[in-house]
Amino acid sequence: MMDVPSANQSQTPSQPWAGQNGWSPASPLGPTCHPLPGFQHLSLSSPSDQRPGDEHLKVSNHDLAAFPSRDTLYSNNEDQSVWRMVPHVSSSMVPTAGQERHTPPCSLPLTTEGSQLGKLQQMPFYSPHSPYRATSPPFQPPYAYQGSPNGPQSPHQHQLAAGSPSLGVNQSPQCAHQPAFDGATVESSVGFAHSHASATSPVSQQRQWTSSGEFVPNAAAPDRNVTPQSPSSESRYGLDPELLPSVVKVIAEDAAEWGGKVFVSEPFSRLPPLATTSCIVEDRGNASPLAIRSASYCVPCDGPTALLSRLPLGALATPLAKLNAGEMPLPVCNEPECVMGCGCCGASMCPAMGWQDCGQRFYCPFCGKLGEVPWQHYQPTRGVEGVRVDKDKRPELSMGSYEILHSQRGEPAALLLAVDVSASAVRGGHLEFATQQILTMLTSLTREGGDALSDVRVGLMTYDSRIHLYDLSPALSRPHMLVIAETGDLQLPVREGLLVPLKDCIDSLESVLQLIPQLSPECDESSGVPMELPVKAGLAVLQALSCPGKLLIFHTAPLIEMGHTNSSSGFFGSNQPKSIFQPSELAVSLAKDCVSQGCGVHLFVLSQQDVGGAWPGHIPYLTGGALYTYSHLQGELDRERFSADLKSIVETDTGYKAELRIFVSKDMRVSGCFGLFVPESSPSRVAMATLDRRTTLAVELAHTRALDETRGVAIQTALCYSTQTGDRRTRVHTLTLRCSPRLQDTFRQYQAQTLLTFYCKKIYCSALERPLQELREELQTEVTEALASYRKHCCSASVSAGQLVLPQYLRALPVYINSLRKSEVLLPGLRSSVHQRLQQRCQLLSMDTCSTSTHFYPLLLPPPLSVDGSSSPNPQEALRCCAASLEPGCLYLVHAPLTLLLWVGTQVPACTLAELFNAGCFSSLPSGETKLPVLDNPLSVGVRSLIHALNSRAPCARQLRVVKQGDAGEEALQRHLVEDKSPNGGASYADFLYHLHVNSVRVLQ
């Protein structure tokens, strides 16, 4: 672990110096081998902790003055382009060849001396009893590395390794194998080399790193007054953050290449655009990357080669992904007219099937068996490849994504409302507003004639310690209330009238909703109301009428756990290791019942409890719903957010009572599935109560035997679900990938954003059963071994030991991984509450790739100064997420899926404050959640248009929060500056990258 755990984090005890500097205590003690001949090994302990007898290398202020200057050496050869900062260093600082070098004990988890990468034990993120993975052991054949890990160095390498501090970016070095794909793919490498400081430097002298320059590719260096770099932005090793690989640049380059253009998705296609790039996808036999995005678009042919990469094999599946504007709608074929799939394994028909015997049989790549074609669907084949003559007329034969409409219909989905009318809810005074908003929402649905929601069946119930059901039958003159006092074993007195079409009961609903705020509580539930009570009652109503639906609960009373006793069934009543993220057995059991019925729970907690109380979010998130918290709905902003959340829940297209089946080629298997769902026995079959267009699962794959390079690998997801109107459909997505025996081809087909999303879902699921510190260390170890493997097997000897080599599309992986490691879920801060961490974990587990990558590296945007025709943010204008990017005379928007911040510098002109906030000066500017005034000037119109565009992308309703420079609320901004040291003790991007490189080189020695 490279981070400093906060005081409230319960983790394994470590050495005293580990908490001060944030580096892992898992390293071997005593002297170790020198990983890089030219590296500066700094002491990883604080000056106060160093003993006089320790032979640590220390850096004086005189030595630091030699760190990168503006002297830049640029060389452009045919095979590589090098940017390297070359400072002026005296010859006395460079150690001679015969000079003895002493290395301090490193505090990172390193391998022992002389160990090779092939001998390292692979550490998976799951425990042996993880419910998210298969029960069979992973395929781990024996393998060995050949050749010496340290090749001979060229004179240029020796000079760079033993020279002065330097940092460079090297793109496209010569590699051992040529790529087997169309289009040039290159790597990038960042070089580090530090001179040795005197071992007798005084301990009291502190390191004072300064930003000496700024490197801007393809542009002249801008000359501007930059804010002095904050301590959180400084590198412990003097690395200039501006010269490190940039996420902003990677996203901008991809947007410039693919933004607004057409990407043709066909079998064995090349790497798709990033998830953050908006483009048009044309389906020509391969599913869109919005539906299935593979971790690597080139799969190793065998298991040993896959293990060499140290990177996971898998895919991200978003079954109900929304198509981009301009794309063709998903084709729908009726079940009787659709060509049937494999009868052996159950896979649906897709372009990956191979036809034989003139179209009478087809080969299934998922089970390797031949299937017979019914005579009703028979068509002959043509050509050498055996293509059916009706291929272009049938979507199941020519397209990677399509839907099957089944003849069988189910019950339409219902909308069930449960309102808390306990004493605390009535005293709170916000029931009147909540019921008014519910009525407004229902009235708006009735006005949408012809829409599916206008005919939705609606039910209403209220509860305190008892359940109050309402008979809304239109035949009655007024609604009847049915009270259930015995809530232990719920028995419904009647079934008729509990769910009525909205257009037939809108008047009855209006009368009941108007009376609810006027109810007088009959008993005082000072001890609280269990959240499971309305869930059980709503589930009983849906089960009685045999229909799926959404259950919206509006809760106010203090939350307690149902069935809470003094027995040993609580959190501390068992000897089994438990995590704060683990739901209770009762919550899991109730969630399973909701899944089997197709009941999605959405919980609105109208009186947020910051301290104490049970967290009520397990059942909502495990059923495809969500948790929404408010502060008594007293403020205007809270009420606007409540209205927006309510409208979004009701209007979002949802699949009910869904079952997802995952198929993969016969030589591979599904070894794990990670996401927000109740795990079953098989990871290739997932049952969900509800899901929407953002629901994303991570699927992990493993080899069972060697693959056939000519056939490739096929991955298929088949989602069987019910629509709002009761139609049963199966949405099929098939992705065909190529195989290669060369490890280099696999590395070059990975994308950093996909790996980040995969790691996030896998680690956050593993947090249920494993210590967080162990997960952080294993994540760092896996990435370190992957960099070492790429350096050893995919790069030539021309790359010096002082250069960090990364595949081109993994340049942003270190900053993403570092942001994941120091996230609030894995590394809580002093002000991180347990409820916030629980909710953030569930929110991220359900996010798609675009939202996940934006969460771990937010968009830092300068506000638009003019109004143009486009209100969408321009990736070319985004800045790096660090304090050095913030100028005191400017404004900046920080966009993350869950938050939206507006940072205001102290030197912003008064005219700008007046145009945007209608404020006279900086001191009169309000901070915190606010709403920008509507002013008629270009700045106000442009900023409000940009905020509206950013909010349309967010998965939930957000309110703008103004953060003033130097204000106490600036810590909220610091958590989003992921390249800096985080307030919870997380390492900076520069320091993390430095240690990744040091350890990846040491692994090879």
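Residues numbered from 1 in each chain as written. Predicted model: local features only at pLDDT ≥ 70, side-chain atom pairs only at ≥ 80, totals over all residues. Heavy atoms only, no water.

A. Molecular detail of the pattern of salt bridges. Counted by the stated rule, this structure contains 25 salt bridges. With a closest N to O distance of 2.8 Å, Arg284 and Glu282 form a salt bridge. Relative accessible area serves as the criterion here: at 45%, Arg284 is assigned to the partly exposed category. Classification of Glu282 by relative accessible area gives partly exposed; the value is 32%. A salt bridge links Glu372 to Arg361, with the shortest nitrogen-to-oxygen separation between them at 2.9 Å. On the criterion of sequence distance, the pair formed by Glu372 in strand β13 (residues 370-372) and Arg361 in strand β12 (residues 361-363) is long-range, its members being eleven residues apart. Relative accessible area serves as the criterion here: at 55%, Glu372 is assigned to the exposed category. (Salt bridge = Lys/Arg side-chain N within 4 Å of Asp/Glu carboxyl O. Buried < 20%, exposed > 50% of the residue type's maximum accessible area, 1.4 Å probe, protein only. Helix = DSSP H or I, 4+ residues; strand = E, 2+ residues; numbered from the N terminus.)

B. Fine view of the state of the cysteines. Enumeration over the complete set of coordinates arrives at zero disulfides. The thiol of Cys594 is not disulfide-bonded; the next cysteine sulfur, from Cys599, is found 4.4 Å away. The closest cysteine sulfur to the non-disulfide-bonded Cys794 is located on Cys795, 6.4 Å from its own sulfur. With a relative accessible area of 0%, Cys794 lands in the buried category. (Disulfide = S-S within 2.5 Å.)

C. Region of the structure containing the packing of aromatic side chains. Per the stated rule, a full pass over the model turns up 17 aromatic pairs. Look at Phe554 and Phe604: their rings are 4.9 Å apart centre to centre, the planes differ by 15 degrees, and that puts the pair in the stacked class. Here the residue Phe554 occupies a position in strand β23 (residues 549-555), and Phe604 occupies one in strand β25 (residues 599-605), the gap between them amounting to 50 residues. The class for Phe554 is buried, based on a relative accessible area of 2%. It is Arg388 that lies over the ring of Trp355; its NZ or CZ is 4.9 Å from the centre. (Phe/Tyr/Trp six-rings, centres within 6.5 Å; stacked < 30°, edge-to-face > 60°. Lys NZ or Arg CZ within 6 Å of the ring centre and 35° of its normal.)

D. Region of the structure containing the sheet that holds strand β11 (residues 354-356). Strand order in the open sheet made by the three strands is β11-β12-β13, with antiparallel pairing throughout. The sheet terminates laterally at β11 and β13, the two strands that pair on one side only. Going from strand to strand, the sheet's axes swing by 35 degrees on average, the running direction of each strand aside. (Pairing = 2+ DSSP bridges. Axes fitted to C-alpha atoms, helices over the stretch in contact; angles between N-to-C directions.)

E. Examining the sheet that holds strand β38 (residues 961-964) more closely. With mixed pairing, five strands are arranged side by side in an open sheet as β34-β35-β36-β38-β37. Here the strands that pair on one side only, and so sit at the sheet edges, are β34 (859-861) and β37 (928-929).

F. Inspection of helix α17 (residues 813-821) at higher detail. Taken across its nine residues, α17 has nine buried, putting it largely inside the fold. For α17, every residue scored as buried is listed here: Leu813, Pro814, Val815, Tyr816, Ile817, Asn818, Ser819, Leu820 and Arg821. Among the structural elements, α4 (247-258), α15 (752-766), α16 (772-793), β33 (803-807), α19 (849-856) and α23 (989-1003) are those in contact with the buried residues of α17. (Contact = heavy atoms within 4.5 Å.)

G. Examining helix α11 (residues 585-597) more closely. Counted at 1.5 Å a residue, the expected span for α11 with its 13 residues is 18 Å, and the 19 Å between its end C-alpha atoms agrees. Within the span of α11, buried status applies to Ala587, Leu590, Ala591, Cys594, Val595 and Gln597. Relative to the axis of α11, the buried residues are bounded by an arc of 165 degrees and lie together on one face. Tucked into the core, α11 has its buried residues touching α10 (532-545), β25, α12 (618-622), β27 (655-664) and β29 (685-691). Gly598 occupies a position one or two residues after α11 and carries a positive phi of about 80 degrees. (Expected span 1.5 Å × (residues − 1). Arc of directions from axis to C-beta.)

H. Focus on the side chain of Thr717. Along the polypeptide, Thr717 turns up in strand β31 (residues 713-722). Ignoring anything within four residues of it in the chain, the contact list for Thr717 reads Ile292, Ala317, Leu660, Arg661, Arg731, Val732 and His733.

I. Region of the structure containing the environment of Ser589. Structurally, the position occupied by Ser589 is in helix α11. Residues Ser589 and Val678, 89 residues apart in the sequence, show an inter-C-alpha distance of 9.5 Å.

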